[in-house]
Amino acid sequence: MGVVILLVMAAGVALMLTRRLPTAFALALLAVAIAFLAGAPFTGKNSVLDTVLQEGAPALAATMIAIILGSWLGKLLDETGIAGTLVRKIVEFGGDRPTVVALGVLAVSALVGTVTGSAPAAMLAGIIGIPAMIAVGVPKVTAAGTVLMGIAVGIPFELPLWQFFSTALELPIPTVRGFMVKLFPFALAAALAFVLVETRRRGTEHAWSLKAVDSPGSSGAKPRSRRAELGDAPWYALLAPAVPLVLALGFELAIIPSLLGGVLYALVTTTRPGGMNKRLLRTLYGGFEVAAPPLVLFISIGILLAAVKLPGAVDALEPLVKAVSPHNPVVFVLVFTLLVPLCLYRGPLNVFGLGAGIAGVLIATGIYPAVAVLGMATSYNQVFGVADPTSTQTVWSAQYAGVSPQQVMVRTLPYVWAVALGGLCVTAATYL
């Protein structure tokens, strides 16, 4: 029966790769199929309806709330001009020096990447940052890759992601935080290497990807001030993206209160009391729109995790998984480093797809300790978040820069592959 379950999983991957079904729907159907194959009853204990669907759907509720709050804060950073101001200040500081401008956009991308992931983070940093880089001569593929590599630097400190791994792998937040801190230097080194190598190796290419914005005062009306004309946020409001991280990492507050602290700080430092109510509601509703796709995905991931943890599924898969899972630390690193491409194109090791189910199997069968699975999953996520041509942030950044997602994948993959190698080495040395 274990072989049949693996074949069903392979069919699910095929459905996602060929886009016959959206990832969320494919995962939910796959979970139900696994439950029936594992001999689960229709209702009752360890059943399809009561365990897989009823208990699985809200299993990642804490993660979903964190996603909503992160999206809410992201909308506030956008509407209040905080993100745009950060990028403009960096561009002004860099002047016409391509490498300096790219490093500045990289830093802003990392900062917003700690707040929210996926396309919203790319938009917050890239709407101004990508045209600015291209204008000073940064090649288009490098400009798109810089934003993505910057977001990857912020990913180890993305609080909703901490909550996801904590809930999905049943690990305490301090354990997740501890490994993420170890992963951060690899992500930072790879991002800096990408900018320094690619901006110099490719030279400068002066081109425009977007229509130039009107200069201040071009409409004939005299602006009240430069800040008012550009929509700049006050300098002290620019600290808003760092507030949740300081609260969670520095003061060790829980994830949801930390994100709420960031929301309140962004609101209070940019909005007059009379407008707070409307802005709160408007950005919250906008945050729900941004959060809707990942919320649906996390519901399906919860359902899939519940299915692969059923006793029948564990008993069927355990001997097969044990037979192919390396335990020698060196072999572990070599094998899982070679398997890195399987997290691309919504492949079987994509943690926001079937990879979540595989992680659940590895833990439920006792093949690896949960913290080792955390190391694998987070290492692969660094690759997916940058180089996967099907991920929303990669597609948006590439198209906004005027290149294809595949071009961005080819240019960034060697760098994030090295990050995954670093994460797997830490995992093997520490937890195996």
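Refer to the structure presented above.
Cut-offs applied
- Residues numbered from 1 in each chain as written.
- Predicted model: local features only at pLDDT ≥ 70, side-chain atom pairs only at ≥ 80, totals over all residues.
- Heavy atoms only, no water.
- Patch = residues over 30% accessible without salt bridge, like charges linked within 9 Å, V, L, I, M, F, W, Y side chains within 5 Å.
- Areas by Shrake-Rupley, 256 points an atom, 1.4 Å probe, with all protein chains shown as cover.
- Salt bridge = Lys/Arg side-chain N within 4 Å of Asp/Glu carboxyl O.
- Buried < 20%, exposed > 50% of the residue type's maximum accessible area, 1.4 Å probe, protein only.
- Helix = DSSP H or I, 4+ residues; strand = E, 2+ residues; numbered from the N terminus.
- Phe/Tyr/Trp six-rings, centres within 6.5 Å; stacked < 30°, edge-to-face > 60°.
- Contact = heavy atoms within 4.5 Å.
- Axes fitted to C-alpha atoms, helices over the stretch in contact; angles between N-to-C directions.
- Parallel < 35°, antiparallel > 145°, perpendicular 65-115°, else oblique.
- Left-handed = near helix turned anticlockwise from the far one by under 90°.
- Nonpolar A, V, L, I, M, F, W, Y, C, P; charged D, E, K, R; others polar.
- Core = buried A, V, L, I, M, F, W, Y, C linked by side-chain atoms within 4.5 Å.
- Disulfide = S-S within 2.5 Å.
- Expected span 1.5 Å × (residues − 1).
- Bend = angle between axes of the 7 residues up to and from the residue.

Undergrad: Describe a nonpolar patch on the surface, with residues and values.
TA: A cluster of nonpolar side chains, Phe36, Phe42, Leu49 and Leu53, forms an exposed patch at the surface whose accessible area comes to about 350 Å². When its relative accessible area of 46% is taken as the criterion, Phe36 is described as partly exposed.

Undergrad: Describe the pattern of salt bridges, and please don't skip the residues or the numbers.
TA: Overall, the coordinates contain six salt bridges when judged by the stated rule. Taking the shortest distance from any N to any O, the salt bridge between Arg282 and Glu79 comes out at 2.6 Å. Taken together, the positions of Arg282 in helix H14 (residues 276-308) and Glu79 in helix H4 (residues 61-79) put the pair 203 residues apart, joining distant regions of the chain. Overall, Arg282 belongs to the partly exposed group, its relative accessible area being 44%. Among the residues examined, Glu79 registers a relative accessible area of 31% and is labelled partly exposed. Within this structure, Glu79, Arg279 and Arg282 form a network of salt bridges that share partners.

Undergrad: Can you explain the packing of aromatic side chains? Please cite residues and give values.
TA: Applying the stated criterion across every chain yields a total of 14 aromatic pairs. Relative to Phe42, the ring of Phe36 lies with its centre 6.3 Å away and its plane at 20°, an arrangement referred to as stacked. Between Phe157 and Phe184, the ring centres sit 5.0 Å apart and the planes meet at 50°, which makes this aromatic pair tilted. Linking Phe157 in the loop between helix H8 (140-154) and helix H9 (159-168) with Phe184 in helix H10 (residues 173-201), this pair joins segments that are 27 residues apart in sequence. With relative accessibility at 11%, the residue Phe157 sits in the buried group. Classification of Phe184 as partly exposed rests on a relative accessible area of 23%. Taken together, the ring pairs in this structure connect Phe164, Phe165, Phe298, Phe352 and Phe384 into an aromatic cluster.

Undergrad: Lay out the environment of Leu161 in plain terms, naming residues and giving numbers.
TA: Along the polypeptide, Leu161 turns up in helix H9. Taking C-alpha positions, Leu161 is 8.5 Å from Ala66, a pair spaced 95 residues apart along the chain. Once residues within four sequence positions are removed from consideration, Leu161 is found in contact with Ile155, Met180, Phe352 and Asn381.

Undergrad: Residues and numbers for the packing of H4 against H14, please.
TA: Here H4 crosses H14 at 135°, and the two axes come no closer than 7 Å. Put simply, H4 runs oblique to H14. Here the hand of the crossing between H4 and H14 comes out right-handed. In the contact of H4 with H14, the residues fall into 14 nonpolar, five polar and four charged.

Undergrad: Explain the nonpolar core residue by residue, including any values.
TA: Grouped together as the largest cluster of nonpolar side chains are 144 residues, with contacts concentrated most on Phe164, Phe165 and Ile301. Looking at this core element by element, the count peaks at twelve residues for helix H18 (residues 370-387). Each residue touching Ile301, except ones within four places of it in the same chain, is listed here: Leu27, Leu60, Phe164, Val351, Phe352 and Ala356.

Undergrad: Describe the state of the cysteines, listing the residues and the values that go with them.
TA: Using the criterion set out here, one finds zero disulfides in the structure. Its sulfur unpaired, Cys343 is 16 Å from the next cysteine sulfur, which belongs to Cys425. Here Cys425 falls in the partly exposed class, since its relative accessible area comes to 36%.

Undergrad: Could you give me a rundown of H18, with the residues and numbers involved?
TA: For H18, built from 18 residues, the straight-helix expectation of 26 Å at 1.5 Å per residue is met to within 8% by its first-to-last C-alpha distance of 26 Å. In terms of burial, H18 is largely enclosed, as 18 of its 18 residues are buried.

Undergrad: Residues and numbers for H10, please.
TA: End to end, H10 covers 41 Å across 29 residues, agreeing with the expected 42 Å (1.5 Å per residue, within 8%). Of all the bends found along H10, the most pronounced is centred on Leu183 and spans about 30°, while Pro185, a proline, follows it within four residues. Restricting attention to buried positions, one finds in H10 the residues Val176, Arg177, Phe179, Met180, Leu183, Ala187, Ala190, Ala191, Phe194, Val195, Glu198 and Thr199.

Bear in mind that shape data such as this cannot, by itself, settle questions of function.
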